Amino acid sequence: MSGLTVKRLTEIGGRRVPFLRWSVVRMLVGMPKWMREWQVGDGREEALAQYVVANARQGDLDDVIATIDRFCYEQSVMINIGDEKGAILDAAVRRTDPKLVLELGTYCGYSALRVARAMGPQARLVSIEFNPANAAIARRIWDHAGVGDRLTVVVGTLGDGGATAARLQSEHGFVKGSVDLVFVDHDKNAYLPDLRLIIERGWLHPGSVAVADNVKFPGAPKYRAYMKDVEGIEWHSVEHSTHAEYQTLLKDIVMESDYLAR
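1. Section: the side chain of H243
Considering the arrangement of structural elements, one finds H243 in strand β8 (residues 235–243). Residue class for H243 comes out buried when judged on its relative accessible area of 15%. For H243, the side chain forms a polar contact with the side chain of E84, separated by 2.9 Å. Excluding residues that lie within four positions of it along the chain, H243 makes contacts with E84, K85, T248, L249, L250, K251 and D252.

2. Focus: helix α9 (residues 163–171)
Listed in full, the buried residues belonging to α9 are T164, A165 and L168. Across the axial projection of α9, the buried residues extend over an arc of 105 degrees, all falling on one side. Pointing more than 90 degrees away from the buried face of α9 are the exposed residues S170 and E171. Considering only its buried residues, α9 is in contact with β3 (100–104), β4 (124–129), β5 (151–155) and α10 (191–201). Directly beyond the C-terminal end of α9, a positive phi value near 75 degrees is found at G173.

3. Topic: the packing of helix α5 (residues 61–74) against helix α8 (residues 132–145)
Remark: α5 packs on α8, axes separated minimally by 8 Å, with the N-to-C direction vectors making an angle of 135 degrees. Judged on the interaxial angle alone, α8 and α5 are oblique. Between α5 and α8, the contacting residues are L61, V64 and I68 on the first element and I141, H144 and A145 on the second. When grouped by side-chain class, the residues that make up the contact of α5 with α8 number five nonpolar, one polar and no charged.

4. Section: the sheet that holds β4
If you walk across this open sheet you meet the seven strands as β5-β4-β3-β6-β7-β9-β8, and the pairing is mixed. Every interior strand has two partners, whereas the edge strands, β5 and β8, have only one. Strand-to-strand twist of the sheet, defined as the mean angle between neighbouring strand axes without regard to direction, takes the value 15 degrees. In terms of strand pairing, β3 meets β4 through five bridges, oriented parallel. Looking at the pairing, V101 lines up with L125 of β4. Against the sheet, α9 touches β3, β4 and β5, its axis set at about 150 degrees to β5.

5. Some remarks on the side chain of R114
Mapped onto the elements, R114 comes out in helix α7 (residues 110–118). When near neighbours in sequence (up to four residues on either side) are disregarded, R114 contacts I65, D69, G82, D83, G86, A87 and D90.

6. Some remarks on the environment of T157
As for its placement among the helices and strands, T157 is situated in the loop between β5 and α9. Measuring from C-alpha to C-alpha, the distance between T157 and D194 comes to 8.9 Å, with 37 residues separating the pair along the chain. When sequence neighbours within four positions are dropped, the list of residues in contact with T157 reads I128 and T164.

Analysis parameters
Residues numbered from 1 in each chain as written. Predicted model: local features only at pLDDT ≥ 70, side-chain atom pairs only at ≥ 80, totals over all residues. Heavy atoms only, no water. Helix = DSSP H or I, 4+ residues; strand = E, 2+ residues; numbered from the N terminus. Buried < 20%, exposed > 50% of the residue type's maximum accessible area, 1.4 Å probe, protein only. Polar contact = N/O pair within 3.5 Å; in protein donor to acceptor, adjacent residues only side chain to side chain. Contact = heavy atoms within 4.5 Å. Arc of directions from axis to C-beta. Axes fitted to C-alpha atoms, helices over the stretch in contact; angles between N-to-C directions. Parallel < 35°, antiparallel > 145°, perpendicular 65-115°, else oblique. Nonpolar A, V, L, I, M, F, W, Y, C, P; charged D, E, K, R; others polar. Pairing = 2+ DSSP bridges.

Function cannot be read off these values alone, since they describe shape.
Now the structure itself:
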């Protein structure tokens, strides 16, 4: 099926409608597995890696990003940040000019690619991923894009009792005030406790930025309520109104927050 045919089948009145795509139906059916393992369960994550290697120019970061977007529009919807919201992340990275970025939730490595394109050549990103298979896929895609030397994935979770946080400190240079930007895009229930752990560890500094995806859909209400409660005291936040990944029917919010450290 051609890309134009897919586009016509999944649009109504010029709006991209996700529910008309079979890959979305499969994702909804596989939701229990997805929430446990952070893979949809139909092999789309591995299919993405193979598609990128087969179709994107090796060493061409822009082409790898564009190829992933094409896969998500024409083959299978993925749960990465996507192109529309990705532009918001790009702008936050350029504004912050980070030297060290912490990402919570690697998935297949798409958002890290966008960060790598926007951050300076001496900057680096460390991403935490719960699923080892996702981490391996991300590494393959990063290496194909030629940025694997600046992006690191650590298999684990900040909610594991301190083991992963200890690794970040002992192996990856996470010290007091070292983290300039945090991108939050993993288990929505972990957004707030993980941010609090990062604050307690002292990794942030005044001016550090936290960018959180999916604040409205599927939603991170406790994180959003916390940011509103501490507005102007500990954080200053802006909510970017946008859409959920790769469609224009479901609304979403990307929250961008500057740390005031008071």
